[in-house]
Every structure is written in C-alpha cells, then in structure tokens.
Amino acid sequence: MDFGLSEEQELLQETLRGFVSKECSASRLREIFDAGVGHDSSLWSGLAEMGFAGLNIPEEYGGAGMEILDLALVCEVLGESGVPVPFFGHVMASLALVQGGSDEQKSRWLPSLAAGEKIASIALCEAEGEWNPEQWQCGVKGGRVFGSKSFVPSADVADLLVVGVAGGGLVLVETEAEGVRVENLDGIDRSRPVFRVEFDKAASSPLDAGGDVARTVSDAGLALLAADAFGAASRLIDLAVEYAKTREQFGQKIGQFQAVKHQIARLALDIEPSRALYWYGAYAVEHLPEDGARAAALAKSHITDRALSAARAVVELHGGLGFTWECDVQMGFKRLMFDRGFLGTPAVLRDRCAALAGW
Amino acid sequence: MDLEYTEKYQAYRDEVRLFLKGWPLAGDAADRPDAAGVFRKRGIEAGFVCRNVPTEYGGAGQEPDALKDAIVRQEFYAAGAPGDLTSQGAGMLVPTLLEFGTEAQKKRFIPKALADEERWCQGYSEPGSGSDLASLQCRATLDGDDYVLSGQKIWTSNARQADWMFGLFRTDPSASKHAGISYLLVDMKTPGVEVRPLKEMTGGMEFNEIFFNDARVPAENIVGKPGEGWAVSRATLVHERNLIANPNMMRDTFNDLLDLARGVEIDGCPALEDRSLRQRLVEIEGYVRTGETSSMLQFTAGVRGEPLKAMRPMMMGKLYSTDTMQMIQKCAYDLLGAGGMLAPTSEDVAGWGRNVTATGWVEAYIFSMGPSIAGGASNIQLNIIGERGYGLPRDMRPPSS
C-alpha cells in the first residue's frame, strides 16, 4: 500500500516544470492570449521532443507507455502555467486509439502522434453540453459522417479527430478530408481554444476494437481535467500569497491582516488537500474498475467547483488590479472555466456520482 | 502508487482477523464490565494493541511499521473491538512521555495509562488564556522538593473522573512568555486541588474548572526541564490534533447521513431521491473523499520518512476534518425538520453525537462545534496555515512579547 508518487513521476513533473518556466513565461502566455491564436507551436515541438506527445502511447508505437496518473501529473503542471498546447485533446484522442483502434489504425497513426508530428483531438460534445454517448446524434452512413460537434479543443491545428457518433461509437476523421469544416467558437480560455466542427459526408473509419471506449476515455478525461484545475488553482493561490506579501496598505503588508490571511488560508484549505483526490481519481480510473468512473467524476466536480470559487476570491484579493486584463490571474481563471465545463459541469457530474452510487 | 497490500501484509491482516474472532468474548465473559480491558490485554500480548510502546512500559514492543498500524486500526475498527485507547492518557500523555519523560516517569505512568487503570485529563486552558495559551498565569513555585500550585484551569474535559492531570504552569514569571512555562504531572487527589463541573450547551457535563490552592506536587513530576513546557506541550498537541482529524469518523458519519436521507421524506418521496439533496450529498462527499485520500497521502509520506512533503495537508488536517463534520451535521439537521426543535436525551448526550436517533442528530449538530474549538480553534488553525504553511506575515503582536 503506497499512496505516493514514484521517483520517476516526481522527476516527470520536475522536468516539465523546468521546461515550462523557461519556455512559457506569463508574458509569453499573455502574447498568446492577446493574439488569440491559442497555440504555441514551438512549445509543442519542444514538449514533443521530450516525449510528452506520446506519454500514454505504447512503446511499440514509439510512445512511453505510461499511465493515466502520469498524464494527470503532466496536466497539473500544464494547468499551473496555462500552457497553450493541444495536449489535452491529443492524449484523449490517443487514449481512444490505443483502446479502440485496430492494429492497422494504430500502426498508421500512433507513431506520428507519439512523435508529436501529427496532432489529434477529440470531438464529443454536441449542442450546448451533450457529452454523453447516449446523447450523440452525429450519423455515419456508408463510412461517411454527417452532423456537428461543438467544443472540440484545438481542432484548428489537429490532423486527426476522434468523433463520437450516434450509438455511442467513435470514428476517426482526418481534418483535411472533404466535408470537414472547422469554426472557431471564441472560447473563454485562450490557452485552449474550442471549435465547432461540421461534418458533411466526411470520410471516416470506425474505432471498433470493442469495449466502451467512449466512456472509459471520458472518465480518464475527467481525471485529467481535475488535475489541470488543481494545478491552475494552486498557482492562483501562489499569486494571492505573493501579492499579500508585497502589497501594502494602512502601512503594512496586507497579508498581515487576518481578514486577508484567513481568506487565503481558507482558499488553500479548499484546494491543497484535493491533490490526493485527483491522484486517486487518475489511479482508480485505470486500476479500480469498480470505483474508477465515480472517483473521476467526484474529483472533477469537486476540484473544478472549489477551484473556480477560489479563483473568484483571488481576483478580489488583488483589488482593482485583479479585474484587469493585465493581471495574470485572469488567465488561470479562464483555464478553470474550461476545466469546469468540459465533459460536464459539476452539477451534471454530481448527478452521475449519485446514480453510480445507487442512491 | 499501489493501493494493493503485498502478500506479507495480507498475511498480517489475516492474523489480525483471526485474533479478532475472539471479540466479543465468548459466553458469559462477554457481559463482564471489564470485557474491553480483558480483550485489550490479550491484544497487547498478541502484539496488536499498543504496538509501538516498549514491553517494559506495558506495550507490545513491536517493530515500528505504519502499514501494520493501519491494518490493525482498520480491522479493529471494522470489528468494533477495543484496540488502542484514544483517551487523553493513552492518546496524548503516553506519546509525550515516550518522547520527553524520564525512565522513572515512563515506568510509573505509561503502563497504568495504557491499561486504563489511571485516567488523565489535560490542564491547558485558563479563563484568561485560550487561543493565547502561552499567556497562562497558573503558577508553580518551587519550594524545597515541591512545586506549589496556585491559579485556575478551565474547559477541562473529564477532570472529575481523572486520577491525574498533565498541565502547563508558569514556573518562571520573569522569563519571556513561552520560556517561563513547565509541564507538570498532578495527582488529582492532592490537597488543594478542587474540581467544579461546568455544564455544556448540550446539557452534558464533561467540562470542569479546576482550582489550585497551594497544592503541592513533587518536583520530580516535571516532564522535560523547567521552562521547556511549551515545547513538550506542542508535541502533545500534535497528538491531540491527530486524534481529532480522523477520516474514518468522517466516512462513518457520512454513511449515517445517507441512512438518515433514506429514512426521511421530502414531498412524499425518500429524501435521497430529491435532486437538490443528492447534489448536496455528493458535494459533501467530495470533502469526505478528499479527507480520506489526503490522509493516505500523508500516511505514505510518513512511511517513506518524507513527512515534509505532506506538511501543508498535515497542517490542514484538523480544520479540514472539523469543517467537514460540521457540513455533514448541518445537512442532517436540515433533514430533521420540526424534530430539530427537540432536546437530545441524556443517552444522546452521553453518546457524544454518535447516536443515530432523531434527537441524537440534534446532539451531534450541536456537538460538532466542539472539536472546532478544542485543540486550537479554527481561527488559530487559519493563522497557522497562513503563516507557517504559506509564509504570510505574522499578526501584529504587542511589543512586550
């Protein structure tokens, strides 16, 4: 019984933190935010060179064969700095391919996805929040997909989409294929832009190796978003602490006032212990089939809900500055708005937790 | 990360379970008033109870192994069997003496505390010294071979049942606030020690105030050196906070809340089918599960000898658990409806908030505020988290301190 990280896992986070602090400063992120492009290709190729694009892809296809928990640890660090790369959609899509793809599909795509030369993403949601396989209407006829998906992350840079279709199955669609139209939805989180993708008889190939791939990939995604939110919220608390230690009013550091100190301590209390919650969710989703789905949903609903509340308080703690575009807080805040909504809001996931418990 | 137990520990768990077949005691022995004590003694001999206390002080003297500790705790808890006492004597004094006591003190006091033959209370708070405990004024003046005690302690749980008290007294009024304090062991039968009960808002009478009128305590009853009492008491306080931050209790109480929600109705349907209640329950469970997993994380950090890696969650443990318990109790109270106007029975009060009758929940609703105050009130915990956990500047203190 050991509920802690391995040395390799600690090193993974340390390495990534080193890279991110060097290559993705807050000012670099702000440039991306200002420009609204949502993607830093040099960051992505840097990460890919270090092997991050293929972390969860089996070694035989050129990846590192790591676990969901390892991916979650990466997401925590990416969340801390709001790193503008297509990692989340890419690993969700590769998870689906690894689990549901035929040997031929895997050999065709996984090596280039593992190397980061090709980018994949995942198209699940329909309309304003229909994330569940049983809600999907996108049709497939004669291998051609028609219909529309919303909130598809990084669809503008993706080469390959894993698309959820009516009946709960998944199909592969190349974005270059005829009949695929990508439209920017102007998402709030400019580090991970989202798109609507229309399919008009686009060529596809089904992922039908069996199993409930759409569900297991979604559950893994919940754990990853919980991790991302934990990272983003932890950084926001650090920013609040830093500000309270330097900002002076009434002749003293504001962090010396108990009103401020206690407010920050309460935020930390709401976030810091939940590191263990996302670890558990990410571990359980892979290793504890009887509890995995519920653990991931509980972690995602709890952490994103608490994190976004914390983020609002951090804005207020920064006073007028906190309300500006210039203040770094807004970027983390918006990262959390994505984490909260993607794959289901806390209320939707809590319904699911209650149902899964048999209440 | 691996949540499975290895074969060695599975085997140990089997050993513990086999031993626990002996509880309850067989036949008529089950009804003996000292049944728990008899079983506990067997547990010590078998190596499962008081595992980490050396045999010469009445413990089982086993090699330290936190995983085995955890297995024993889980299995004894599941069987409802009497394991390690969580009294103030066994839970707080014993670890403190093991760390700071003289050989004579360990031999004299530890065995009887473990066997529950001598009961202990804690003499810390005073009428003028609550959160600012180090301002305490109770005096202990050295006179020959004795300390002479004068002053008052308050909020002392179980003082009327206690044979002994461990407490903090000012031995050097000229030294600075923290440096003038010593940790003394006081026989409650000493002439000049007077205990008066205080009634709590639940109707219970656990609390007492204690008056010292020139009570004489042998100087050898000091733990640590004169003036070291503050440091010694910090160690005790850690043990107290660990006793309060108990994730099993959170989960059990949450399960009780679910049972309550199955049994009462909202608009003619079981409350558990009500969407807003289900949302609230899952929200609370988010905290419960966080408390459980965070305590696993802290536990592993301890087993690996890297407790500093879990410093922040450790600091937060007490407040996290008392806040969560309050959330659970508030939700339960909302389900009681008009029943929430009833007073708890004396059995409810004696059950310390663990009775799952309607009035038991009323008692629990009130009782849940107690742990938030005891062992360092929540506002103090927030100071500790802010200052020591996150390096925020300390509060302004008067220049004299």
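Residues numbered from 1 in each chain as written. Chains lettered and ligands numbered in written order. Predicted model: local features only at pLDDT ≥ 70, side-chain atom pairs only at ≥ 80, totals over all residues.

Secondary structure assignment for chain A yields 13 helices and 10 strands. Its C-alpha atoms give chain A a radius of gyration of 20 Å, near enough to 21 Å, the size a compact globule of 359 residues would have. Here chain A holds 359 residues, and 57% of them are scored as buried. Excluding contacts between residues fewer than 6 apart, the proportion of contacts in chain A whose partners are at least 24 apart in sequence is 76%. (Helix = DSSP H or I, 4+ residues; strand = E, 2+ residues; numbered from the N terminus. Rg over C-alpha atoms; globule rule 2.2 N^0.38 Å. Buried ≥ 20, exposed ≤ 12 C-beta atoms within 10 Å, placed from the backbone. Contact = placed C-beta atoms within 7 Å.)

Attention shifts here to the overall build of chain B. From N to C terminus, chain B includes 13 helices and 10 strands. Rg of the C-alpha trace for chain B: 23 Å, near the compact-globule value of 21 Å for 401 residues, within the 12% margin. With the C-alpha coordinates aligned to their principal axes, the bounding extent of chain B is approximately 70 × 50 × 45 Å. Burial analysis of chain B (401 residues in total) assigns 39% to the buried set. The contacts in chain B between residues at least 6 apart in sequence include a share of 64% that link residues at least 24 apart.

The partner chain A presents 36 residues to the 39 residues of chain B that form the contact. Elements that contribute at least two residues to the side of chain B that touches chain A include exactly α8 (275-303), α9 (311-336) and α13 (378-389) of chain B. A total of 15 residues in the side of chain B that touches chain A trace back to one element, the largest contributor, which is α8(B).

Further remarks concern the sheet that holds strand β4 (residues 160-164) of chain A. Residues and elements named next belong to chain A. A sheet is described by the order of its strands in space; here 4 strands give the open sequence β1-β4-β5-β8, paired in mixed fashion. Two strands close off the open sheet at either side, each with one partner strand: β1 (120-123) and β8 (205-207). Pairs of neighbouring strands in the sheet enclose a mean axial angle of 30 degrees, with direction left out of account. As judged from the 5 bridges shared by β4 and strand β5 (residues 170-174), these two strands associate in the antiparallel manner. Following the sheet pairing, G164 is matched in β5 by L170. Of the strands in this sheet, β1, β4, β5 and β8 are in contact with helix α5 (residues 87-100), which crosses β1 at around 85 degrees. (Pairing = 2+ DSSP bridges. Axes fitted to C-alpha atoms, helices over the stretch in contact; angles between N-to-C directions.)

This part is about the environment of B:Q122. Residues and elements named next belong to chain B. Its place among the elements puts Q122 in strand β1 (residues 120-123). Residue class for Q122 comes out buried when judged on the 26 C-beta atoms lying within 10 Å of it. In the structure, Q122 is positioned 35 residues away from S157 in sequence and 7.5 Å away in space, judged by C-alpha atoms. Leave out the neighbours within four places in its chain, and Q122 touches Q88, M92, T156, F166 and G167.

A few words on the domain arrangement of chain A. Residues and elements named next belong to chain A. According to the domain assignment, chain A consists of domain 1 (7-89 + 100-115), domain 2 (120-207) and domain 3 (213-356). Relative to domain 2, the C-alpha centre of domain 1 lies at a distance of 21 Å. Every contact between the two is made by 17 residues of domain 1 and, on the other side, 16 residues of domain 2. Counting residues per element, the ones that place at least two in the side of domain 1 that touches domain 2 are α2 (26-35), α5 and α6 (103-115). Of the residues assigned to the side of domain 1 that touches domain 2, the class counts are 9 nonpolar, 8 polar and no charged. (Domains from an automatic or database assignment. Nonpolar A, V, L, I, M, F, W, Y, C, P; charged D, E, K, R; others polar.)

Residue and element names in this part refer to chain A. If you look at the biggest cluster of nonpolar residues, it comprises 165 residues, and the most contacted ones within it are V162 and A223. No other element matches the 20 residues that helix α7 (residues 213-246) contributes to this core. Residues in contact with V162, not counting those within four places in the same chain, are A93, A96, L97, A120, I122, A123, L170, L172 and L207. (Core = buried A, V, L, I, M, F, W, Y, C linked by C-beta atoms within 7 Å.)

This part takes up the packing of helix α9 (residues 275-287) of chain A against α8(B). Relative orientation and spacing of two packed helices are given, respectively, by the angle between their axes and the distance between those axes. Contact geometry for α9(A) and α8(B): axes closest at 7 Å, N-to-C directions at 90 degrees. Looking at the two axes, α9(A) sits roughly perpendicular to α8(B). For the pair α9(A) and α8(B), the contacting residues are A:A276, A:L277, A:W279 and A:Y280 in the first and B:R289, B:T290, B:T293, B:S294, B:M296 and B:L297 in the second. Its residues placed into classes, the contact of α9(A) with α8(B) shows 6 nonpolar, 3 polar and 1 charged. (Parallel < 35°, antiparallel > 145°, perpendicular 65-115°, else oblique.)

Looking now at the pairing of strand β4 (residues 164-170) of chain B. Residue and element names in this part refer to chain B. Extensive coverage of β4 is indicated by the burial of 7 of its 7 residues. Neither face of β4 is left uncovered, since the one carrying W164, F166, L168 and R170 and the one carrying M165, G167 and F169 both have all their residues buried. Pairing of β1 with β4 involves 4 bridges; the strand directions are parallel. The partner of W120 across the bridge, within β4, is W164.

All names here are of chain A. With 13 residues, α6 should cover 18 Å at 1.5 Å per step; its first-to-last C-alpha distance of 18 Å lies within 8% of that length. A maximum bend of about 35 degrees is found in α6 at W109, where proline P111 lies one to four positions downstream. Those residues of α6 not exposed but buried are K106, W109, L110, L113 and A114. G116, located one to two residues past α6, shows a positive phi value of around 80 degrees. (Expected span 1.5 Å × (residues − 1). Bend = angle between axes of the 7 residues up to and from the residue.)

Let us look at the packing of α9(A) against helix α10 (residues 292-317) of chain A. Residues and elements named next belong to chain A. Between α9 and α10, whose axes approach to 7 Å, the crossing angle comes to 155 degrees. Comparing the axis directions of α9 and α10 gives the class roughly antiparallel. The crossing of α9 and α10 is left-handed. Where α9 abuts α10, its residues L277, Y278, Y280, G281, A284, V285 and E286 lie against G292, A295, A296, L298, A299, H302 and I303. Here the residues of the contact of α9 with α10 sort into 10 nonpolar, 3 polar and 1 charged. (Left-handed = near helix turned anticlockwise from the far one by under 90°.)

Moving on: the sheet that holds strand β3 (residues 144-153) of chain A. Residues and elements named next belong to chain A. Strand order across the open sheet formed by 4 strands is β2-β3-β7-β6, with antiparallel pairing between neighbours. The open sheet has two edge strands, β2 (139-141) and β6 (180-184), and neither has a second partner. For this sheet, the mean angle separating the axes of adjacent strands, direction not counted, is 15 degrees. Pairing analysis gives 5 bridges linking β6 to strand β7 (residues 194-203), with the strands arranged antiparallel. The residue of β7 that forms the bridge with E183 is R196.

Here we come to the pairing of β1(A). Residues and elements named next belong to chain A. The two faces of β1 match: A120 and I122 on one face and S121 and A123 on the other face are all buried. With 4 bridges joining them, β1 and β4 adopt parallel strand pairing. If you follow A120 over to β4, its bridge partner there is L160.

Quick look at the environment of B:K112 now. Residue and element names in this part refer to chain B. Position of K112 relative to the elements: it lies in helix α5 (residues 103-114). Remark: the alpha-carbon pair of K112 and R234, spanning 122 residues in sequence, is separated by 23 Å. In contact with K112, not counting residues within four places along its chain, are E117 and E118.

Another point: unusual backbone geometry. For the bond from B:W23 to B:P24, the omega torsion is -5 degrees, close enough to zero to count as cis. Located in the positive-phi region is A:A127, a residue other than glycine, with phi close to 50 degrees. Note that A:A127 resides in the loop between β1 and β2. With 11 C-beta atoms packed within 10 Å, A:A127 lands in the exposed category. In the Ramachandran plot, B:N158 falls in the positive-phi region, its phi being about 60 degrees despite a non-glycine side chain. In this fold, B:N158 is placed in the loop between β3 (146-154) and β4. Under the C-beta neighbour-count criterion, B:N158 is labelled partly exposed, with 16 such atoms within 10 Å.

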